[in-house]
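One-letter residues, chain by chain:
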Amino acid sequence: MIYKVASPTELLAVTGWGIVDIRLVKKAYVWPFQKCTRVDLSPVNYTFEVQAMSSEKLPFILPAVFTIGPRVEDEEKVLLYAKLLSSHDKQSNHVNELVQGVIEGETRVLAASMSMEQIFKGTKEFKKEVFEKVQLELDQFGLVIYNANVKQLVDVPGHEYFSYLGQKTQMEAANQAKVDVAEAKMKGEVGAKLRDGQTKQNAAKIDAETRIVEMQREGEGDKEKVRVKTDVEIFKYRKDAEVAEANAELAAKRAGWTQSAQLAEVEAAKAVELRSAELQSEVERKNALTRKEKLKAELLSKASVEYDIKVQEANWELYKKLRAADAILYEKQKSAEGEKASADAALYARQQAAEADLYAKKKEAEGIMAIAEAQGASLNTLLKQLGGSYEALRDYIMLTNGSFLDIAKINSQAVQGLNPKISVWSTGSNNIHGGGNGAMKEIAGIYSMLPPLLQTVNEQTGMLPPPWLGKLTEPGSSAPE
């Protein structure tokens, strides 16, 4: 058993016992019946001069340098490279010929599909195409192109295409230079005249615009002056207002400070007087104590007896006052408790009355609801018995409740006391003056109806008919013939 370690640019390819295919590792124990091979992963430069021919059958040489190595970021490609090329040295003729064959083959195929002009002018595109085509072929060996540098195209000995092309380009450039010089002289002379005219035109235009701008600037300056002056006035007014406000605030603070100082002086004076009174009281108390001690020393027994008597009297008076105060307090407490009990009793009575009233109203509402439900059930039953006729049900209810009698009474009361005048008249027989039937009969009927009608209107309203219509006779008189 041997322990082997690979360098940073190498991998160990272990095969043999216990390994199905190939195991690529950086370090490994090599057991008996196993073989370990070092696989170099560093890229190598390959320099070639590829001879190719364009679509016009023009041969040329393409110098190129390719940097090629294993694709280390893809484990499958590294495994493929280890299988196919790891046994050969990368500088060996086998690998060199393999890579060269791939590059030359793809370059020739691509060059044959392009013209010489396309190859010469599109060097970048040609290089990109070669790079992509070669990379596709190298993928099957696990290789990748790290860099490809295609140099300048070179003529094949005996074919001077690029040399002649260069001479042609030089002659064209010289001729074009002569033409450009002549055009430049022409453009210079014309341009000078043009520039001179444009200069004068632009100078006049600029002078006019300058005068306009000056007038605008003057107007803007005047506006700015007015605005600045206005701002200054406003600033002055604001500052005056701020000064007045500050003065008012200072005056208020001064008044407060004066008041505080006066209060402090008064408090200090009162404190002095209070302290003086306290000291005077202390002096008097000391004097009283002194006199008391003196009197106690002189009349000890008499004072003691009188003191005890007075103390007993004072205690008795205090006791009586305390008992009287306790009695008054007790009486007030009992009175307050009685008032509280009375208030509680009144509140309880009101609560009970309110609850009773609420209970009665609930029961009354329940009774009304029960009556309404009973009436509803009765009405539904009557409606079914009457065949669903609401008119018959209405008449039945009005008869039951005596509504018709009430209506009759109300109507009789409404016309009670009235004295209506009733007029009855007859137009006579249908055969007027022995006449026949038809239109004359109808006209005769209407004419015979007018006198009693006008008489009735006069009696009811006092209105007389117009003279052209007729004239009423006085009662008892005969009508004119």
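Chemist: Can you lay out the confidence of the model for the chain for me, pointing to particular residues and giving the numbers?
Modeler: Segments scoring low in pLDDT should not have their predicted coordinates read at a detailed level. Per-residue pLDDT for the chain averages 77, and the proportion of residues at 70 or more is 83%. Counted against residues more than four places away or in other chains, residues 477-481, with its pLDDT under 50, gives three contacts.

Chemist: Tell me about the sheet that holds strand E3 (residues 23-25), residues and numbers included.
Modeler: Consider a sheet: its strands pair through backbone hydrogen bonds, and that pairing is either parallel or antiparallel. Judged by pairing direction, the sheet is antiparallel, and its three strands sit side by side in the order E3-E2-E5 without closing on themselves. This sheet does not close on itself; its edge strands, each paired only once, are E3 and strand E5 (34-40). Across the sheet, the axes of successive neighbouring strands diverge by a mean angle of 30 degrees, strand direction being ignored. Sheet analysis places strand E2 (residues 10-16) next to E5, joined by seven bridges and oriented antiparallel. Its bridge partner lying in E5, Leu12 is registered against Arg38.

Chemist: How would you explain the environment of Thr107 if you had to name every residue and give the values?
Modeler: With respect to the helices and strands, the residue Thr107 is situated in helix H2 (residues 93-112). Between the C-alpha atoms of Thr107 and Leu62, which are 45 residues apart in sequence, the distance is 8.8 Å. With residues near it in sequence (within four places) discarded, Thr107 still touches Val50, Leu62, Phe126 and Val130.

Chemist: An account of the side chain of Thr67 is requested, with residue identities and associated values reported.
Modeler: Here Thr67 lies in strand E7 (residues 59-70). Of note is the side chain of Thr67, whose polar atom sits 2.5 Å from the side chain of Asn45. Ignoring any residue separated from it by four or fewer positions in sequence, one finds Thr67 in contact with Pro43, Val44, Asn45, Val144, Ile145, Tyr146 and Asn147.

Chemist: Pulling in residues and values, what's your account of the environment of Pro8?
Modeler: Structurally, the position occupied by Pro8 is in the loop between strand E1 (2-5) and E2. Each C-alpha atom, one on Pro8 and one on Asp40, is 9.5 Å from the other, the two residues being 32 residues apart in sequence.

Rules of the game
- Residues numbered from 1 in each chain as written.
- Predicted model: local features only at pLDDT ≥ 70, side-chain atom pairs only at ≥ 80, totals over all residues.
- Heavy atoms only, no water.
- pLDDT = per-residue confidence, 0-100.
- Contact = heavy atoms within 4.5 Å.
- Pairing = 2+ DSSP bridges.
- Helix = DSSP H or I, 4+ residues; strand = E, 2+ residues; numbered from the N terminus.
- Axes fitted to C-alpha atoms, helices over the stretch in contact; angles between N-to-C directions.
- Polar contact = N/O pair within 3.5 Å; in protein donor to acceptor, adjacent residues only side chain to side chain.

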